[in-house]
Amino acid sequence: MFTFLGGIILLIIGYFTYGKFVEKVFGVKEARTTPAYTHKDDVDYLPMNTKKNSLIQLLNIAGVGPIFGPIMGALYGPVAFIWIVVGCIFAGAVHDYLTGMISIRNRGAHLPELAGKFLGKFMKHVVNAFAILLLLLVGTVFVTSPADLLYNLMDGWMGLGIILGFIFLYYVLATILPIDKIIGRFYPIFGLLLLISAVGVGVRLILTGAPIPELTLQNMHPDHAPIFPLLFLTISCGALSGFHATQTPIISRTTEKEGQGRKIFYGMMIAEGVIAMIWAAAAMSLFDGYSGLSDMLANGGPAGIVSKASTLMLGSVGGTLAILGVIILPITSGDTAFRSARMIIADYFNLSQRKVMSRLWIAIPMFVISFALTKIDFTLLWRYFSWANQSTAVIALWVGAMYLFIAKKNYWIAIIPGIFMTMATMTYIFNAGIGFGLSLNVSYVIGAIITAAITVIFFIAANKARAKEVPLEEDISGWNSVA
């Protein structure tokens with residue numbers, strides 16, 4: 001288990017070393033008042049402590065992504081471990097930290113507004129459409145996956161439609177009520193189930209001496225699907241996920257001090273990476289090789305793998321608790337996906353959210369669209385989600401790079417993963433069946449050309465933005481007198 005355990009150790013070391021470096025590059029201002037106080041409305045803006053914010057952030061970002069993604073990515077073999085560890089430390093956690101901290105500096109703004117400010121007004125409209133699409137896909141995926149798990153857990157005695165209805169009802173309440181009423185109150189309980197499922201399975205893997213494969217760069221995929229770009233879109237949450245860029249502003253509006261950011265944003269991404277490592281290891285070791293895993297995925301999907309692995313590792317009682325923990329994960333991301341979508345739409349049209357009816361007018365159409373999307377095949381939804389997710393991550397990384405460039409700081413920490421993932425997403429969409437369906441070699445060439453062009457455009461725009469001295473943060477010098 002050297003690769004598995006070593007990967008987890010590296011993730012932890014990464015938090016204390018590279019995480020500290022990224023924090024130093026950004027430059028924390030402990031004396032600067034955060035939006036939780038300057039824009040307090042007791043609905044979306046209100047101060048909460050670090051422990052609560054960290055737990056909410058972890059549950060927000062850790063949907064089925066760091067479980068279902070690594071399970072499907074496990075088909076590639078131990079190379080999946082490399083992407084989880086390297087991607088999490090140098091891309092995903094950097095992405096989450098920069099998005100959260102830049103949002104704090106700009107009144108808790110969501111990604112579309114940040115993109116408009118740092119990448120141009122046109123990008124605000126593009127990113128707004130991308131973010132809403134992504135969040136609706138996330139919300140839908142995170143309705144159907146826990147519903148399927150619950151349906152299987154109850155052996156079908158309650159209809160799938162009824163289960164979907166209950167989940168949607170919870171989502172409506174979590175979307176429109178103040179953040180401290182449901183999310184802030186129940187997430188500690190949900191967090192306990194999350195820890196039982198992840199830690200329980202991880203400990204049992206170690207104690208039972210599960211045959212977790214060691215490091216190799218060989219592609220183990222039974223269908224020989226190419227590692228690049230497919231692996232980097234299959235495993236998104238747990239390594240790098242644009243969905244997180246839609247979630248961090250929720251917590252940037254409740255963070256008390258900037259110094260808490262590394263623990264909340266960078267640290268919780270590292271925790272998600274550990275979860276991803278555990279489920280990738282379980283998938284690689286419990287089903288008689290990659291062909292067995294492939295057959296299991298074909299017959300029961302990722303949800304079937306979760307149920308089987310949990311029962312094998314923890315028995316009927318412990319397995320049930322573990323499955324409940326996995327069910328909680330998508331539900332606690334689906335609710336905040338819809339909440340983020342409401343906030344983004346409200347910000348885009350400058351709509352006040354103090355009144356419940358103002359929130360309902362935005363929320364109801366979203367849930368109608370999402371319910372219609374539940375009729376689409378999950379596998380197809382996941383493909384569109386994966387591409388939209390990683391494309392959003394690319395945009396967030398370029399936003400972070402622009403901020404650091406204007407500030408005359410080390411922008412390479414964002415540009416390097418940004419260039420890599422731009423190439424991956426472009427190659428994927430030109431090659432994939434849901435995209436242009438071109439050959440892989442042609443897609444590589446087109447992806448490289450577009451990536452190079454975007455990089456050149458970035459540096460031209462960045463130099464202009466630096467010359468114009470685009471403001472990096474909101475002026476809050478007079479907030480006390482206004483309050």
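Residues numbered from 1 in each chain as written. Predicted model: local features only at pLDDT ≥ 70, side-chain atom pairs only at ≥ 80, totals over all residues. Heavy atoms only, no water.

### Brief notes about empty space enclosed by the protein
All chains considered together, the criterion is met by one cavity of 30 Å³ or more. The volume enclosed by the largest cavity comes to roughly 40 Å³. Lining the largest cavity we find Leu-98, Thr-99, Ile-102, Leu-111, Leu-114, Ala-396, Val-399 and Gly-400. Counting only elements with at least two residues in the lining of the largest cavity, the list comes to helix H6 (79-105), helix H7 (111-119) and helix H16 (378-406). Partitioned by chemical class, the residues of the lining of the largest cavity number six nonpolar, two polar and no charged. (1 Å grid on protein atoms, 1.4 Å probe; cavity = no way out; pocket = protein on both sides within 12 Å on 5 of 7 lines; lining within 4 Å. Points joined across faces, edges and corners; volume = space filled by probe spheres on them. Helix = DSSP H or I, 4+ residues; strand = E, 2+ residues; numbered from the N terminus. Nonpolar A, V, L, I, M, F, W, Y, C, P; charged D, E, K, R; others polar.)

### Re a nonpolar patch on the surface
Together, Ile-162, Phe-166, Leu-169 and Leu-173 line one region of the surface with nonpolar side chains, adding up to about 390 Å² of accessible area. By the element assignment, Leu-169 lies in helix H9 (residues 160-176). (Patch = residues over 30% accessible without salt bridge, like charges linked within 9 Å, V, L, I, M, F, W, Y side chains within 5 Å. Areas by Shrake-Rupley, 256 points an atom, 1.4 Å probe, with all protein chains shown as cover. Salt bridge = Lys/Arg side-chain N within 4 Å of Asp/Glu carboxyl O.)

### Observations regarding the packing of aromatic side chains
Under the criterion given, the structure shown has 29 aromatic pairs. Aromatic pair Tyr-15 and Tyr-266: ring centres 6.4 Å apart, planes at 45 degrees, arrangement tilted. Of this pair, Tyr-15 sits in helix H1 (residues 2-16) while Tyr-266 sits in helix H13 (residues 261-285), and the two are 251 residues apart along the sequence. According to the relative accessible area criterion, Tyr-266 is buried, its value standing at 0%. Relative to Trp-412, the ring of Tyr-411 has its centre 5.2 Å away and its plane inclined at 35 degrees; by these criteria the two rings are tilted. Exposure remark for Trp-412: the relative accessible area of 42% places this residue in the partly exposed category. Ring-pair connections join several aromatic residues into one group, and the members of that group are Phe-168, Tyr-170, Tyr-171, Phe-338, Phe-367 and Phe-371. (Phe/Tyr/Trp six-rings, centres within 6.5 Å; stacked < 30°, edge-to-face > 60°. Buried < 20%, exposed > 50% of the residue type's maximum accessible area, 1.4 Å probe, protein only.)

### Comments concerning unusual backbone geometry
For the bond running from Phe-228 to Pro-229, omega is 10 degrees, close enough to zero to count as cis. Turning to its location among the elements, Pro-229 is positioned in helix H11 (residues 227-234). One non-glycine residue, Arg-107, adopts positive backbone phi at about 50 degrees. Secondary-structure assignment places Arg-107 in the loop between H6 and H7. A positive phi angle, near 55 degrees, is found at Asn-350, a position not held by glycine. Take Asn-350: its relative accessible area is 71%, and that puts it in the exposed class.

### Observations regarding the state of the cysteines
Under the counting rule described, the total for this entry stands at zero disulfides. Distance from the sulfur of Cys-88, which forms no disulfide, to the nearest cysteine sulfur (Cys-237) is 11 Å. When its relative accessible area of 0% is taken as the criterion, Cys-237 is described as buried. (Disulfide = S-S within 2.5 Å.)

### Some thoughts on the packing of helix H4 (residues 50-61) against H13
Angle between the axes and distance between the axes: these two values describe a pair of packed helices. Interaxial distance between H4 and H13 falls to 9 Å at its minimum, and their mutual angle equals 45 degrees. Accordingly, the angle class assigned to the pair H4 and H13 is oblique. Crossing of H4 over H13 shows right-handed handedness. The residues of H13 that touch H4, namely those facing Thr-50, Asn-53, Ser-54, Gln-57, Leu-58 and Ile-61, are Lys-263, Ile-264, Phe-265, Met-268, Met-269, Ala-271 and Glu-272. Classifying every residue of the contact of H4 with H13 gives seven nonpolar, four polar and two charged. (Axes fitted to C-alpha atoms, helices over the stretch in contact; angles between N-to-C directions. Parallel < 35°, antiparallel > 145°, perpendicular 65-115°, else oblique. Left-handed = near helix turned anticlockwise from the far one by under 90°. Contact = heavy atoms within 4.5 Å.)

### Section: the confidence of the model for the protein
Summary statistics for the protein give a mean pLDDT of 88 and a share of 96% for residues scoring 70 or more. Averaged pLDDT values for the elements of the protein fall to 56 in helix H19 (residues 479-482) and rise to 98 in helix H2 (residues 18-26). (pLDDT = per-residue confidence, 0-100.)

### So, the environment of Ser-236
Of note, Ser-236 is situated in the loop between H11 and helix H12 (243-252). With relative accessibility at 1%, the residue Ser-236 sits in the buried group. Each C-alpha atom of the pair Ser-236 and Tyr-266 lies 16 Å from the other, and the pair is 30 residues apart in sequence. Excluding its chain neighbours within four sequence positions, the residues that come into contact with Ser-236 are Ser-241, Phe-385, Asn-389 and Gln-390.

### Examining helix H5 (residues 65-73)
In terms of residue burial, H5 counts as a mostly covered element, since eight of its nine residues are buried. The complete set of buried residues in H5 reads Gly-65, Pro-66, Ile-67, Phe-68, Gly-69, Pro-70, Ile-71 and Gly-73.

### What about the nonpolar core?
Generally speaking, a soluble globular protein has its nonpolar side chains buried in company with each other. Residues Tyr-171, Leu-205, Tyr-266 and Trp-279 are the most contacted members of the largest nonpolar core, which totals 160 residues. With 18 residues, helix H14 (residues 289-348) is the largest single contributor of residues to this core. Residues in contact with Leu-205, not counting those within four places in the same chain, are Met-1, Ala-210, Ile-212, Ile-278, Ala-281, Ala-282, Ser-285, Leu-286 and Met-313. (Core = buried A, V, L, I, M, F, W, Y, C linked by side-chain atoms within 4.5 Å.)

### A closer look at the pattern of salt bridges
Where charged atoms from two side chains of opposite charge approach closely, those side chains can pair. Summed over the entire model, instances satisfying the criterion amount to 12 salt bridges. Its salt-bridge partner being Arg-253, residue Asp-347 comes within 2.8 Å of it at the nearest N-O pair. In this pair, Asp-347 sits in helix H14 while Arg-253 sits in the loop between H12 and H13, placing the two residues 94 residues apart along the sequence. For Asp-347, a relative accessible area of 24% corresponds to the partly exposed category. Each of Lys-29, Arg-32, Arg-105, Glu-258 and Glu-473 takes part in one network of salt bridges that share partners.

### Some remarks on the packing of H2 against H6
Put simply, H2 and H6 touch, their axes get as near as 11 Å, and they point 35 degrees apart. You can see that H2 and H6 cross each other, and the crossing is right-handed. Contact residues: Tyr-18, Val-22, Glu-23 and Phe-26 in H2; Ile-89, Phe-90, Val-94, Tyr-97, Leu-98, Met-101, Ile-102 and Arg-105 in H6. Of the residues assigned to the contact of H2 with H6, the class counts are 10 nonpolar, no polar and two charged.

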